[in-house]
Amino acid sequence: MQRWLSRTSSLFSVRTHRRNWTQRAGGLVEAELPANPMLLLDEWLAAALQDGHIIERGFVLATSSAEEGPTARTVVCRDVCEDGSITFGTNPNSLKGRSLRDEPRCEAVFRWGTRQVRLRGTCAVDNDNTEEMFRTLPRPARVSLELLHPIGQGNDVSEAKHQ
């Protein structure tokens, strides 16, 4: 069995910042959960926003493709729907868009404070909705995305090509 423990000093050690995790009063009780878990997620996201969490709308989206293997990135959640779907924007030509087109199975992980929610399912790219979402973005966000267009979001940037 191989060990991945370094004997050298590190800049940051998680061991010195370890929390003592215990079950707190007010934990989840299955009998008290709503029949639709998306309602609970919506409630938790609203509470995170109220509590001032900076990335309350951000979640990690994990995808996989034959070309790239597993990849994960943080995306912004636009909507949480009662039917179990979540909406987010993507460029269909980005690595994320191509991965979802080739292999629609994915996983979303929302995390804030001490909470973590994982959603697994399939994803469909809706080009009409993507265009509408782009048009409703604030102007600075649209300009930023347009500036990425010549490079191509999710593509490798060649140093030689951009010197």
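Note that the structure is a prediction, hence the values are computed from the model and not measured.

A. Geometry of the pairing of strand β5 (residues 115–122). Relative to β5, strand β4 (residues 105–112) runs antiparallel, the two being bridged by 8 bridges. When the sheet's bridge partners are listed, valine 109 is paired in β5 with arginine 118. Between the antiparallel neighbours β4 and β5 lie 2 residues, among them glycine 113 with a positive phi of about 55 degrees.

B. Summary view of the sheet that holds β4. Read from one edge of the open sheet, 5 strands run β3-β2-β1-β4-β5, paired in antiparallel fashion. Lying at the two open borders of the sheet, with one neighbouring strand each, are β3 (86–88) and β5. Going from strand to strand, the sheet's axes swing by 40 degrees on average, the running direction of each strand aside. Note that strand β1 (residues 58–65) and strand β2 (residues 69–80) share 8 bridges and pair antiparallel. Within β2, the residue paired with valine 60 across the bridge is threonine 74.

C. Quick peek at the packing of aromatic side chains. One pass over the structure, following the stated rule, counts 2 aromatic pairs. A centroid spacing of 5.8 Å and a plane angle of 75 degrees characterise the contact between phenylalanine 59 and phenylalanine 88, whose relative ring orientation is edge-to-face. Of this pair, phenylalanine 59 sits in strand β1 while phenylalanine 88 is found in strand β3, placing the two residues 29 residues apart along the sequence. Given the relative accessible area of 1%, phenylalanine 59 is considered buried.

D. Structural detail: helix α2 (residues 95–102). Of all the 8 residues making up α2, 6 are buried; the element is thus mostly covered by neighbouring parts of the structure. Along α2, the residues that are buried comprise Leu95, Lys96, Gly97, Arg98, Ser99 and Leu100. The inward-facing, buried residues of α2 abut β1, β2, β3 and β4.

Criteria and thresholds
Residues numbered from 1 in each chain as written. Predicted model: local features only at pLDDT ≥ 70, side-chain atom pairs only at ≥ 80, totals over all residues. Heavy atoms only, no water. Pairing = 2+ DSSP bridges. Helix = DSSP H or I, 4+ residues; strand = E, 2+ residues; numbered from the N terminus. Axes fitted to C-alpha atoms, helices over the stretch in contact; angles between N-to-C directions. Phe/Tyr/Trp six-rings, centres within 6.5 Å; stacked < 30°, edge-to-face > 60°. Buried < 20%, exposed > 50% of the residue type's maximum accessible area, 1.4 Å probe, protein only. Contact = heavy atoms within 4.5 Å.

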